[in-house]
Each structure stands twice: as structure tokens, then as C-alpha cells.
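If you want the building blocks of each chain, they are given just below.
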Amino acid sequence: MALLDENLQFHLKVTAEQVGKYVILPGDPGRVEKIAALLDNAKHISTNREYVTYTGTLNNTPVSVCSTGIGGPSAAIAVEELIRCGCHTFVRVGTSGGMNLKVTGGDLIVVSAAIRGDGTSREYLTPDYPAVADFEVVTALVDSAKELSSGKDGDSYHVGVAQSKDSFYGEIEPEKMPVSDFLVPRWEAYVKSGCLASEMEAATLFSVALARGVRAGAVLTALWNVERSKAGLPDKVCYSSERAIKCGIEAIKKLIIGDSV
């Protein structure tokens, strides 16, 4: 008997008939039900390990929500198994720490490309190949972010590059790491290059999508911005993902409409 069932996915415990072709991907399993509540007729499909899956509809089209856990390896597994189920469009709704001084807590960040500081993407793309988001998904997310933003600090949006890394504490406390001589200058270089924020899954998601020929994008909530604190600027802290969730939902609606034309 084969380890991998052609129908029931090994980690997600879902089948192709149970999920939509469009998928919203939060990292936190606790965020899945909140997102699913914005779908029509959403139903719980499966819970296994860090993976919680619900399926409902938007614009009369099946849409699923599936958590990916923290970091690249678990995110890649989720996306791979969803692709095996026929899913073709993925939107990550996540959180991040701001890096660019124009980003304040509560702002939305639409990720157009991600720095591949993760390890997982190396098993999908060559080292010199960029982890870029799908243009159609980025466009839908930007249009949705515009509609949801006033332009004020904490209620604005930005489009650009995010850093994806594997170590949360390597970012928060780099000076305590044996490789601080590598981590600190690298971070400073990213800041000087205009990197908007730091997170842990976008590069992996984009790399898997590129390798498998599907669409992917990401919208992040900036929780805070350590660079603003360092510079003595006001540094809001935001724990709400509500705007990012709405942005992801509205973007999926736009993509469904665009795909039906």
C-alpha cells in the first residue's frame, strides 16, 4: 500500500471534491474560522496538525481557507497538496514586522516579490531565480487594498518586496546569535534596499507556485516597525488582521470575476 493516497491528501486530509480552486492561506489555524465566516455557507472540512481547512463560496464559486502553520516547510506541504487537488490560485493573508520607515503598524503590505531567506525555496528554484508573486493576483490585491485604505498611518497600504526568513528570533535578537556578524549587516542592506517588511512564508509560497505553474500572492498586516522605533518615530502596534482578511477576500472575488470573462 502506497504512503501517498491519490485522493486523500496525506497531511491536509482533504480530497479534491472538498476544496475550491481558489484558496486563502493564513498561517495561524486560529484565523481560519474568522476568514471562513466571510464566505457563504462555509463548512469545516478537516483539522490535522497545523492544517485547518474550511470551504465555502464567493460569487457562487467554491473557495477554501487553509492554515499553513509557521514557516516554509509546512507552507510548501499545504500548497503542494492543494495543487494536487486542482487548486490554482492562492492568496496568503499573514502578518509581518515593518522595515521601511513609511510602514506603520496596521498598514497593509501587498508583496510583489520576496527575498528568499528561507530554506524551502532552494528545493524548488535555482539560487538566482526570484520569488515573485503572480501579476494578476498582485493587481487584485492592490485594487482591494486601495478600497480599504484611507492613506493615514496605520490605515494605508504599500506594494513591494518583503523578506522571508526561517528564524523569528534571528530577526528579533540577531545580536544574540553566533552568526550575528552575518545577520546584522544583511538586515541593514535589506533596509537600505527599501524592503518593506519581514515575514516567514511568502518566498516559499511564491516559489512553489512558480515551480508548479499556479498563481500566488500575499497581503500582510504590519504588526509594528522596529526601524521606526530605532529612529525615534511613532511606532504603532496592531494585532488585528481584519483589513488584510477583507483585502484577501475582495481580491479573490475580483479574480473569480476576471477568470469568468
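In this numbering scheme, every chain counts its residues from 1 along its sequence in written order. Local features in this predicted model are restricted to residues whose pLDDT is 70 or higher, and side-chain atom pairs enter the listing and the counts only when it is 80 or higher, whereas totals over whole chains, interfaces and linings include all residues. By convention in this description, side-chain values take in all heavy atoms of the structure and omit both hydrogens and water.

## Some points on the nonpolar core
At step 1: Among the nonpolar cores identified, the biggest contains 65 residues, and Leu25, Leu82, Phe90, Ile109, Leu141, Phe206 and Ile252 are the most heavily contacted of them.
At step 2: Residue contributions to this core peak at 8 residues, all from helix α8 (residues 242–260).
At step 3: Any two residues having at least one pair of non-hydrogen atoms within 4.5 Å are treated as being in contact. Residue contacts for isoleucine 109: discarding those within four places in its chain leaves Ser96, Val103, His158, Leu196, Ala197, Ala218, Val219, Leu220 and Ala222. Throughout, nonpolar core names a set of buried Ala, Val, Leu, Ile, Met, Phe, Trp, Tyr and Cys residues whose side chains join them through atoms within 4.5 Å. The classification of residues rests on relative accessible area computed with a 1.4 Å probe and restricted to protein chains. Under 20% of the type maximum is buried, over 50% is exposed, and intermediate values are partly exposed. Working definition: helices are DSSP H or I runs of at least four residues, strands are E runs of at least two. Numbering for both runs from the N terminus.

## Here's the deal with the pattern of salt bridges
At step 1: Salt bridge, as used here: a side-chain nitrogen of Lys or Arg that lies within 4 Å of a carboxyl oxygen of Asp or Glu. Tallied over the entire structure, the rule returns 12 salt bridges.
At step 2: Across the salt bridge formed by arginine 215 and aspartate 259, the nearest N and O atoms sit 2.6 Å from each other. In this pair, arginine 215 sits in strand β10 (residues 215–225) while aspartate 259 sits in helix α8, placing the two residues 44 residues apart along the sequence.
At step 3: For aspartate 259, a relative accessible area of 38% puts it in the partly exposed group.

## Remarks on α8
At step 1: How far a helix is expected to stretch is found by multiplying one less than its residue total by 1.5 Å. Compared with the 27 Å implied by 1.5 Å per residue over 19 residues, the 28 Å span of α8 between its first and last C-alpha is a close match.
At step 2: Buried within α8 we find Arg243, Ala244, Ile245, Cys247, Gly248, Ile249, Ala251, Ile252, Leu255 and Ile256.

## Here's the deal with the packing of helix α2 (residues 72–84) against helix α6 (residues 202–212)
At step 1: Look at α2 against α6: their axes get within 9 Å of each other, and the N-to-C directions meet at 35°. The two elements α2 and α6 meet at a crossing, and its hand is right-handed. Here α2 contributes Gly72, Ala76, Val79, Glu80 and Ile83 to the contact with α6, which in turn contributes Thr204, Leu205, Val208 and Arg212.
At step 2: Note that Gly is not counted as nonpolar here; it falls among the polar residues with everything else outside the nonpolar set of Ala, Val, Leu, Ile, Met, Phe, Trp, Tyr, Cys and Pro and the charged set of Asp, Glu, Lys and Arg. Residue classes in the contact of α2 with α6 are distributed as 5 nonpolar, 2 polar and 2 charged. Axes here refer to lines fitted to C-alpha atoms; in helices the fit is confined to the stretch in contact. Angles between the N-to-C directions go from 0 to 180 degrees. Left-handed describes a crossing in which the near helix is turned anticlockwise from the far one by less than a right angle; the clockwise case is right-handed.

## A short note on the environment of tyrosine 157
At step 1: Along the chain, tyrosine 157 falls in strand β8 (residues 157–165).
At step 2: Judged by its relative accessible area of 24%, tyrosine 157 falls in the partly exposed class.
At step 3: Considering only alpha carbons, one finds tyrosine 157 and alanine 231, 74 residues apart in sequence, at a separation of 21 Å.
At step 4: Leave out the neighbours within four places in its chain, and tyrosine 157 touches Leu108, Val142, Ala145, Lys146 and Ser149.

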